[in-house]
Amino acid sequence: MSKLKINSKKTKSIINRNIYGHFSEHLGRCIYDGLFVGESSFIPNENGMRTDVVQALKSLKIPVLRWPGGCFADEYHWRDGIGPKQDRKRMVNTNWGGVVEDNSFGTHEFFELCDQLGCEPYININLGSGTVREMSEWIEYMTFDGVSPLSQLRVENGREEPWHLKYLGIGNESWGCGGNMRPERYADEFRKYQSFAKSFGHSKLYKIACGAGDDDYNWTDKVMEIAGKHMDAITLHHYTVVGDWGNKGSATKFTSKEYYAAVKEALKMETLISTHAKMMDKHDPKRRIGLIVDEWGAWHNVEPGTNPGFLYQQNTMRDAIVAAATLNIFNAYSDRVVMANVAQTVNVLQAVILTEGNKMVLTPTYHVFDLYKYHQDASLAECWVETQEVGEDEARIPNLSVSASIDLNDELHITLANLSHDTASSIDCEILGKNCDSLSARILSGKMSDYNDFDSSNSIVPVDFSDFCRTGMGVEFEIPACSVMLIAVK
Ligand code: AHR
């Protein structure tokens, strides 16, 4: 029996809703097919945006969407994506499959999508192959509320009012696909670019610097030292990869050891956040600057027969466990992590939605986001769980992961995941400050390699769970192997 203790009266930081954010890049079928099908498509759409996908994302309460990349951002030229569609300049998407991008989804379409989703836009500008002028003109085009040649151009293209834009990323993976720079060089570039990123009207820009990949702590140290005072946040990217980049293993056919290796890799997020945060503290002891994990998720081999440059992969209960454990870590570090963006929203990497023609599948990862959405803007509550080590050989992990929060209506939400794929766990849950009379729960569970597919889209869905035994201080129950549970107490 493992003890789980929640103190609903002891709250810590507010869990920023943006921790439940998403990332959508011009990569494979994320934008085209996944989110945007165009107005003349036979697939039901509103102004070109897929109605089914928009509805599903709205139901997750998607708070923020990052666009246009990723590596694509550093070769994106915004002027190619405005004006009459037939006149838009085409380009080769050199990073992702070498396909020809017709720029039919550009600035106006992105803001239309965010409007329909009711989420904040997060735009990542091109520092790698763009110019300061290109960036500052884009900002003026989007947000200037007076009369200028650029705001007039926006009006000519059909948008009278300036858009509201807060989140501005300056460069992406500038240590890699975004220019292969050294941190000193990038930090100076950031200082220069941000000087010309002007806030107009209601849009007070929140300037985001490109941070490290994985454990490159030197990058964070140097960029914070040189450019810290000019930024509002710095990023971190960490993907869950098993094996090597050349052969990451199948998304659906894997061994027990590969399962544990993936979850272990995902759990590294905790060390990465705490160590990068220490580097940040060194230069920003008052903690003004936020940490944004704007790319995270499991990265497997592509599905056989699909374009290797499109990064299309299936999504199993293993991915759901990766998501559950990762989101619990973000909650736990919500005093530092102000945003996170799962890579990517639709049809790419650890997608929450897969599409095929007019069909749509909600992945197990989607259902984890659905169970966890109650944490958005809630106060993290003190909690602790007793764990046992599970796994194989060097792939060993604790068997349980948890977080808890109190929302604005004083409702407690506990998200508990059993990371063992084959052993259930008995839980003795003690809840201080709440009466368990009104307790309810939902659970997502399955075998580690179970997934939803186009011909069986509801194999893995959350169901009600009521197998609780009341105790003096709370409840006892058994959480099945490989499952994610949401417990709500009014
Ligand atoms: O998400 C896919 C790619 O991964 C992004 O374009 C890039 O930033 C990262 O390397």
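Residues numbered from 1 in each chain as written. Predicted model: local features only at pLDDT ≥ 70, side-chain atom pairs only at ≥ 80, totals over all residues. Heavy atoms only, no water.

## Thoughts on the domain arrangement of the chain
Each assigned domain of the chain is listed here: domain 1 (2-8 + 381-489) and domain 2 (16-377). The gap between the C-alpha centroids of domain 1 and domain 2 is 29 Å. Listed as interface residues are 43 residues of domain 1 and, on the opposing side, 38 residues of domain 2. With both sides pooled, the region where domain 1 packs onto domain 2 buries about 3,300 Å², and carbon together with sulfur makes up 68% of that total. Counting the contacts that link domain 1 with domain 2 gives two salt bridges. Put simply, domain 1 and domain 2 have 19 residue pairs in polar contact (both at pLDDT 80 or more) between them. Sorting the residues of the side of domain 1 that touches domain 2 by element identifies strand E17 (389-392), strand E18 (395-398), strand E19 (400-406), strand E20 (412-418), strand E22 (440-445) and strand E26 (483-489) as the ones contributing at least two each. Ranked by residues supplied to the side of domain 1 that touches domain 2, first place goes to E19 with five residues. Across the side of domain 1 that touches domain 2, the residue classes break down as 18 nonpolar, 15 polar and 10 charged. (Domains from an automatic or database assignment. Contact = heavy atoms within 4.5 Å. Buried area = accessible area lost by both parts, 1.4 Å probe. Salt bridge = Lys/Arg side-chain N within 4 Å of Asp/Glu carboxyl O. Polar contact = N/O pair within 3.5 Å; in protein donor to acceptor, adjacent residues only side chain to side chain. Helix = DSSP H or I, 4+ residues; strand = E, 2+ residues; numbered from the N terminus. Nonpolar A, V, L, I, M, F, W, Y, C, P; charged D, E, K, R; others polar.)

## A few points about the pairing of strand E9 (residues 167-170)
Side chains of E9 alternate between two faces, with Tyr167 and Gly169 and Leu168 and Ile170 buried alike. Bridge count between strand E8 (residues 120-125) and E9: four bridges; the pairing is parallel. Directly across from Ile123, in E9, lies its bridge partner Leu168. Examined bridge by bridge, E9 and strand E10 (residues 206-213) share four bridges and lie parallel to one another. When the bridges of E10 are listed, Gly169 appears paired with Ile208. Assessed by its sense of winding, the connection that carries the chain from E9 through helix H5 (residues 183-195) to E10 is right-handed. (Buried < 20%, exposed > 50% of the residue type's maximum accessible area, 1.4 Å probe, protein only. Pairing = 2+ DSSP bridges. Right-handed = clockwise from strand over helix to strand, strands pointing away.)

## Thoughts on the site of the ligand
As a structural note, the neighbourhood of the ligand is formed by 13 residues, with Glu25, Cys71, Glu173, Tyr239 and Glu295 the closest of them. Between Cys71 and the ligand, the recorded distance is 2.9 Å, taken from a backbone N or O atom to an oxygen atom. (Near = heavy atom within 4 Å.)

## As for the sheet that holds strand E12 (residues 290-298)
Strand order around the closed barrel formed by eight strands is E2-E5-E8-E9-E10-E11-E12-E13, with parallel pairing between neighbours. If you compare each strand with its neighbour and ignore which way they point, the axes differ by 30 degrees on average. Here seven bridges tie strand E11 (residues 233-240) to E12, and the two strands are oriented parallel to one another. For Thr240, the partnering residue across the bridge sits in E12 and is Ala298. Contacting strand E5 (64-67), E8 and E9, helix H3 (residues 132-143) runs over the sheet at an angle of about 160 degrees to E8. Across the face of the sheet, helix H8 (residues 317-332) comes into contact with E11, E12 and strand E13 (337-343) while running at roughly 170 degrees to E12. (Axes fitted to C-alpha atoms, helices over the stretch in contact; angles between N-to-C directions.)

## Some thoughts on the pattern of salt bridges
Per the counting criterion, the structure on display carries 26 salt bridges. The salt bridge partner of Asp428 is Lys3, with a shortest N-O separation of 2.9 Å. Separated by 425 residues along the polypeptide, Asp428 in strand E21 (residues 425-432) and Lys3 in strand E1 (residues 2-14) bring together distant segments of the chain. Here Asp428 falls in the buried class, since its relative accessible area comes to 17%. Where Asp437 meets Arg470, a salt bridge forms, and the shortest distance between an N and an O atom there is 2.7 Å. Of this pair, Asp437 sits in the loop between E21 and E22 while Arg470 sits in strand E24 (residues 469-470), and the two are 33 residues apart along the sequence. Residue Asp437 is classed as exposed on the basis of its relative accessible area, which comes to 61%. Each of Asp281, Asp284, Arg287, Asp335 and Arg336 takes part in a single network of salt bridges with overlapping partners.

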